[in-house]
Amino acid sequence: MEVPELSCIAACIVDYRGYRVLCQSIIPGILSQSPETSAKYGSIDDGATINTDEEFGEIMKQVCEKMCLSQSKVLDAEGNTHEIWGAVDSKGIKGSDQRKYFLEALRLTPRDANYQGEEYSLCLLRPELVEQFQQLKNNDFIENEVEKRIKQKKDSESKEEQTEEEKKNRITIEELQEIVKMAPRYDFNPNAFTNINFAEGKEESEGKVTQLSEFLLEKQVPAAAKLLCNEESWSRIGSSIIEVLHRLGVNTRYLGRILNLITSPENKHVKLALERHAVARAAKHVLNYYIRETSDSYLAEGIAHLLNSLMDVPQEEVKESKKKRKRKNKKTKELKLIQAGSKKALEVTPQDLWKQIREKAESHFGIALPESFEMWECVGSLGLRLAYLREVCLQTGVELSPDIQMGQKIVPQHISGFNTKVKKLEWRSMESRWLLETGMKSLQDQNIEVGIDMLTQSAGIQTQVTGYFHNEVAGVYQRLAQIYTATGDYKQGLANQHKAIVILEKTLGQDHNVVGQCYTTFAYQYQALGKFKRAMKHLLHALQIFMVNNGELSPEAISVLISIGVMYRELGMHETAIGVLTHVMGMCLSLYGEKNLNVAECAQILATEYKLIKDFSTAKQWEQRALDIFKSLLPAEDKRLANSQQNLQMIEKLEAGITPQEERQSKGRMDKKSYLRQKLQARKAKAKLGIPEHQLHMTTGLFDIPASSSTREQIEEEKARQLMQELSKKNLKK
């Protein structure tokens, strides 16, 4: 926040084995408990005693002004009034190094008025929501003020007295700057809807927070649902759904409300992804309880049992003989002396586990799940079950061995270990960000060398701040790869794209959706170079990542399979391409339904494939199907509709035996009068535009080709035929 004289300690949140630990560095002198290092600002006993200090008050005032927080007049246990900035339970401590430290910065945003009660005491609003609310109110105020001033000028001044500049621009730049400064500021009280006793202003503070919470529920939640259902934005979002919600200021507890707004069958994949993520979060709370209550000696066995119960994998019953049973009883008696502790995770049944997950999903997100796990739509296939298992493992930190197969019973040997989840602030270099933005502007102005140089400097500075393995560094390398590829320097483009993939695999994981998108771009770059083998390898790897993330039916998997089919077409393997694209058509129908633009585009690609193998009747059927969908969904002026009609006419002519060469030749055999008439009309029209005489033949669309002349394709076929005859003669002589 760049507040002078304010110091913060290093802090992060660590999730490990079902526990959440807040890790903080120690303030110098805090362990000595001297009066100099005691709390100077805030309260350490929930508002019973409140400390205030002028120096800390000035610092906290600057912090609260940047976070849009207001000052509070509160009462302590003795009834004394205190004026304090920020939340009462925040603490200002002066260390032995004479620095001023600010702790317990949890309530730098107000509480969510939509979730009231002691069980929701930690339900806070996000700072992005406060910022967007402030921007919306400012824009409304500026628009209203501008309209008001324009109306006043029209009423007070006559048209004759106005100058030309006043007629063109009713509001000058100076007046607009003045209006911006007049825009009201909306500050919120972080102590609203808490147990703190207010001296005054409680109703006003709670009213403002309620207004902000209503803005979240009425504006931002529908905006999030609309953004997620947008096909273009979904292709850029990938699997970072939560990042999109946070960017709009929406908390994850509103996932159930967003799901209720998604009713179209075309957005089935969005609904499945949101519901799977919400239920995985609910399962995390249930599984973490059992993991915490299970001792280390039973942990691996308990986690394997929990995952089997979670996926409803049937338990194999092994019949043992009497001798084996006796030996097993002896071993268990011996192990009881060694193993001691709770085995809570081994006692739960699949029915009880699913019941607890249903209750958590209902209470946390408002999602109603079916009574049986098998009836849940998000686990309707093996691919969707794998995606659900992956999501649960990511939430709990459980790491499984890669040799496990879907549907197979999980054993303790499959549990590789636990991964720690660390949440911390991401450091970003302002200089690196400025270089990145300036470089992108230079590229838009066609200053390619300057733009590349600035982007390279941005990557270097960001590496010095955060290290090499960081998402910001990978983002710069991705932009460099796109620029080099667009300029034709494929070698540098491939090198930068490979760097980005290595970084993202380290920071996000090898099976992250963003990594799959990078591999798709990598494949397209190799395809542009003509290296189809490597391109196919990367496309298949990206397809595997997308299917692990979202199951078999996902827009990402469909786009990759279409690219694979087109690549087979370029290689001349039309039958294989038709097989792949037919499978894609089935996926599109299952995902989007009959009437969808994606289905129409896939039908057009299939029509092109059948046209290439000269199966014109089948090509005509697919093109007609695409045209019917376009007519029902697109306006008459749309280019896609016109292109589909032209393609259908071309296929009908090919089916009738009329080749494009014959059609052009028939156009060349038109009568002399019509030919001269069109040429004269073209000359008159183009003379108005200043086109030279020798370029007129390029604009008339007519070609002076005799009917008996051979086309280029016929000449090439004739040469190939002669070459084959010569080779056959040589072979016969030998």
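None of the values given here were measured: they were computed from a predicted structure. (Residues numbered from 1 in each chain as written. Predicted model: local features only at pLDDT ≥ 70, side-chain atom pairs only at ≥ 80, totals over all residues. Heavy atoms only, no water.)

This part is about the sheet that holds strand S1 (residues 11-16). The antiparallel open sheet is built from 3 strands, whose spatial order is S2-S1-S11. Edge strands, defined here as strands with exactly one partner in the open sheet, are strand S2 (19-24) and strand S11 (421-423). Neighbour to neighbour, the strand axes of the sheet diverge by 20° on average, direction disregarded. Two strands pair when backbone bridges link them, and S1 and S2 are joined in this way by 6 bridges, in the antiparallel orientation. Within S2, the residue paired with Ile13 across the bridge is Leu22. (Pairing = 2+ DSSP bridges. Helix = DSSP H or I, 4+ residues; strand = E, 2+ residues; numbered from the N terminus. Axes fitted to C-alpha atoms, helices over the stretch in contact; angles between N-to-C directions.)

Our next topic: helix H14 (residues 430-444). For H14, which comprises 15 residues, the first-to-last C-alpha distance of 21 Å matches the rise-based estimate of 21 Å (1.5 Å per residue) to within 8%. Within H14, burial applies to Ser432, Leu435, Leu436, Gly439, Ser442 and Leu443. With its buried residues spanning 125° around the axis, H14 presents them on a single face. Of the residues in H14, the exposed ones pointing more than 90 degrees away from the buried face are Met430, Trp434, Lys441 and Gln444. Elements that come into contact with the buried residues of H14 comprise helix H15 (448-466) and helix H16 (471-486). (Expected span 1.5 Å × (residues − 1). Buried < 20%, exposed > 50% of the residue type's maximum accessible area, 1.4 Å probe, protein only. Arc of directions from axis to C-beta. Contact = heavy atoms within 4.5 Å.)

Turning next to the pattern of salt bridges. A complete count under the given rule lists 16 salt bridges for this structure. The partner of Asp187 in a salt bridge is Arg185, with the nearest N and O atoms 2.9 Å apart. Exposure remark for Asp187: the relative accessible area of 18% places this residue in the buried category. Arg185 sits in the partly exposed class, given a relative accessible area of 43%. We note a salt bridge from Lys268 to Glu377, for which the minimum N-O separation is 3.8 Å. With Lys268 in helix H9 (residues 268-293) and Glu377 in the loop between helix H12 (350-365) and helix H13 (382-396), this residue pair connects regions lying 109 residues apart in the sequence. The exposure class assigned to Lys268 is partly exposed, which follows from its relative accessible area of 30%. When salt bridges that share partners are traced, they join Lys73, Glu83 and Glu200 into one network. (Salt bridge = Lys/Arg side-chain N within 4 Å of Asp/Glu carboxyl O.)

The next subject is the sheet that holds strand S7 (residues 100-103). Strand order in the open sheet formed by 3 strands is S3-S6-S7, with antiparallel pairing between adjacent strands. Both edges of this open sheet fall to strand S3 (39-42) and S7, since each of them pairs with a single strand only. Pairs of neighbouring strands in the sheet enclose a mean axial angle of 25°, with direction left out of account. In the sheet, S3 pairs with strand S6 (residues 91-94) via 3 bridges, with the strands oriented antiparallel. Residue pairing across strands places Ala39 opposite Ile93, the latter belonging to S6. Strands in contact with helix H1 (residues 54-66) are S3, S6 and S7; relative to S7, the strand with the most contacts, it is inclined by about 60°.

Our next topic: the side chain of His82. Mapped onto the elements of the fold, His82 is located in strand S5 (residues 81-85). Ignoring anything within four residues of it in the chain, the contact list for His82 reads Ile50, Thr52, Ser72, Lys73, Val74 and Asp76.

On to the confidence of the model for the protein chain, then. Averaged over every residue, the pLDDT of the protein chain is 80; the share at 70 or more is 81%. Predicted confidence in the protein chain is weakest over helix H27 (residues 697-700), with a mean pLDDT of 32, and strongest over helix H17 (residues 490-507), with 92. Confidence drops under a pLDDT of 50 for residues 334-338, and excluding neighbours within four residues, the segment shows 0 contacts in the predicted structure. (pLDDT = per-residue confidence, 0-100.)

This part takes up the packing of aromatic side chains. Within this structure, the stated rule accounts for 15 aromatic pairs. Both rings, one in Trp376 and one in Tyr388, keep their centres 5.0 Å apart while their planes meet at 85°; by these two values the pair is edge-to-face. Note that Trp376 is positioned in the loop between H12 and H13 and Tyr388 in helix H13, a separation of 12 residues in sequence. This pair shows no difference in class: Trp376 is buried, exactly as Tyr388 is. With a centroid separation of 5.3 Å and an interplanar angle of 85°, the aromatic rings of Tyr468 and Phe469 are classed as edge-to-face. Among the residues examined, Tyr468 registers a relative accessible area of 31% and is labelled partly exposed. By way of ring pairs, the aromatic residues Phe133, Tyr186, Phe188 and Phe215 are connected into one cluster. Arg253 extends its terminal NZ or CZ atom over the ring of Tyr115, reaching a point 5.4 Å from the ring centre. (Phe/Tyr/Trp six-rings, centres within 6.5 Å; stacked < 30°, edge-to-face > 60°. Lys NZ or Arg CZ within 6 Å of the ring centre and 35° of its normal.)

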